[in-house]
Structure formats: structure tokens, C-alpha cells
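Chain by chain, the residues run as shown.
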Amino acid sequence: MQPSAFSQTLACAHAGWTPSIGDPNIMGWVTVAIYAACALVALHLWIRNPFQGPGASRERLFWGGVCVLMAFLGVNKELDLQTLMTVIGRCDAKINGWYNERQAMQRGFIRALALGAFLFALGTAWLLRASLRRNILAVLGLASVLGFVVIRAVGFHDVDHLISTEVMSIRVNWILELSGLLLILISTLPHLRRA
């Protein structure tokens, strides 16, 4: 990207996005509170180190990573940084003349993210190979949350419409995001008993 195109993209993104509260409603704050709970419980596990047996140091490393990731995603939930990423992509597409081909770029981006998520899952499974059975719910919950974040970050209008629909007055995006977070919290209970 040319320096002038880069500065144009930043100026466009600055005009199209301002830091603000992303979900200024009760469910948004409840979700942030659950992210914070996940981060705090993971921090507690990392500090107390109740892990025993083969792979205990890797298990501790995993929970330290969960702590950092949940804290970041909780902050991101309210700052709405994925919208900034979408705005930057849209501005770059308009300025550099590929806006009409953006759907092909979005598909490529989704494929790259899906591959990255798959490799991340394999890496996590390998990291926890000695203790995967104890942490499978946390891994599934983490995969669910990260998958949801990726879906939201891509910003396809059809997908946004789908996850914004309501089922019995409950939005689908709440179900997708909170179910992963609750799996992470549930998976900590046996560890907390040992700690």
C-alpha cells in the first residue's frame, strides 16, 4: 500500500468509526461480566496452579492464555474493535479500487480465518494432549467464542442479519457467544475444587 493510500485509509476509517460502547444494553454488560468472570477464574487457576500429572505446565500455560484472551475479548466487546477492522477494510477497498470485488476478498479472509482457527484448535489440542480430557469443554468453549468473534468481524450483511434475529425474544448472537463462555466457566469447576 502506498503511504498516501495508507493515510487515506486511516482518514476514512477515522471518519467512519469512533470509539464507543459497542453493546450499551443489559445483555452487552452481562456478556462483558461473563468475559471478566472467565478471565478472573482463568487467572486464579494460573496463579494457584492446581494442575497435576503429565502436561501440568502446559495446562497452566493454556489457562494463562485463556485469561489474557478473555480479558481482551471483554474489552473488545464494549469498544467494538471488530467494527473498526471492518471499516478499515471497507475504506481500503474503496480507496484502492477493489470494493466491487470485496465479496471474493471476504470469502478469502473467511477461509484464512477458518484455517487459522483450525490450526489454533490443533495446536491447543497438541498443547493439552496429556490433559485434553480434563479441558475439552474449555477448548470447545474457546473455539465457539473465537468462531463467533470471527463471524462478527467479517461483517457479511446476511450473517449479521441471521445472528441478530430473535428466537423467543433471545437474540441468536447472545446464544452463540454466551454458550461458549459458559462452557469455559463450567470446565473450570473441577480445577477450582482442586485449587
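Note that the coordinates shown come from a computational prediction; the quantities given were computed from them, not determined experimentally. (Residues numbered from 1 in each chain as written. Predicted model: local features only at pLDDT ≥ 70, side-chain atom pairs only at ≥ 80, totals over all residues. Heavy atoms only, no water.)

(A) Spatial organisation of the packing of aromatic side chains. One pass over the full model with this rule turns up one aromatic pair. Both rings, one in Phe-62 and one in Trp-63, keep their centres 5.2 Å apart while their planes meet at 75°; by these two values the pair is edge-to-face. Classification of Phe-62 by relative accessible area gives buried; the value is 6%. For Trp-63, a relative accessible area of 0% puts it in the buried group. (Phe/Tyr/Trp six-rings, centres within 6.5 Å; stacked < 30°, edge-to-face > 60°. Buried < 20%, exposed > 50% of the residue type's maximum accessible area, 1.4 Å probe, protein only.)

(B) Focus on the nonpolar core. In terms of nonpolar packing, the biggest core is built from 23 residues, with Phe-62, Trp-63, Val-66, Met-70 and Leu-181 touching the most fellow members. Of all the secondary-structure elements, those providing two or more residues to this core are helix H2 (26-48), helix H3 (56-79), helix H6 (132-154) and helix H8 (172-194). The contact partners of Trp-63, leaving out residues within four places of it in the chain, are Ala-42, Leu-45, Phe-51, Asn-135, Ala-138, Ile-184, Ser-187, Thr-188 and His-191. (Core = buried A, V, L, I, M, F, W, Y, C linked by side-chain atoms within 4.5 Å. Helix = DSSP H or I, 4+ residues; strand = E, 2+ residues; numbered from the N terminus. Contact = heavy atoms within 4.5 Å.)

(C) Spatial organisation of the pattern of salt bridges. Within this structure, the stated rule accounts for two salt bridges. Notably, a salt bridge pairs Arg-134 with Glu-59, separated by 2.6 Å at the nearest N-O pair. Note that Arg-134 is positioned in helix H6 and Glu-59 in helix H3, a separation of 75 residues in sequence. Given the relative accessible area of 35%, Arg-134 is considered partly exposed. Between Glu-177 and Lys-77 there is a salt bridge whose closest N-O contact spans 2.9 Å. Of this pair, Glu-177 sits in helix H8 while Lys-77 sits in helix H3, placing them 100 residues apart in sequence. (Salt bridge = Lys/Arg side-chain N within 4 Å of Asp/Glu carboxyl O.)

(D) A look at a nonpolar patch on the surface. Taken together, the side chains of Ile-136, Leu-137, Leu-140, Leu-182, Ile-186, Leu-189 and Leu-192 present a nonpolar region at the surface, about 560 Å² in accessible area. Those elements that place two or more of their residues in the nonpolar patch are H6 and H8. In this fold, Leu-140 is placed in helix H6. Residue Leu-140 is classed as partly exposed on the basis of its relative accessible area, which comes to 47%. (Patch = residues over 30% accessible without salt bridge, like charges linked within 9 Å, V, L, I, M, F, W, Y side chains within 5 Å. Areas by Shrake-Rupley, 256 points an atom, 1.4 Å probe, with all protein chains shown as cover.)

(E) Focus on H2. For H2, built from 23 residues, the straight-helix expectation of 33 Å at 1.5 Å per residue is met to within 8% by its first-to-last C-alpha distance of 32 Å. All of the buried residues along H2 are Gly-28, Thr-31, Val-32, Ile-34, Tyr-35, Cys-38, Ala-39, Val-41, Ala-42 and Leu-45. With a side-chain oxygen lying 3.2 Å from the backbone nitrogen of Met-27, the N-terminal cap of H2 falls on Asn-25. One or two positions beyond H2, positive phi appears at Asn-49, with a value near 50°. (Expected span 1.5 Å × (residues − 1). Polar contact = N/O pair within 3.5 Å; in protein donor to acceptor, adjacent residues only side chain to side chain.)

(F) View of the state of the cysteines. All told, the structure shown has one disulfide when counted by the stated rule. You can see Cys-38 has no disulfide; the closest cysteine sulfur is in Cys-67, sitting 10 Å from it. For Cys-38, a relative accessible area of 1% puts it in the buried group. (Disulfide = S-S within 2.5 Å.)

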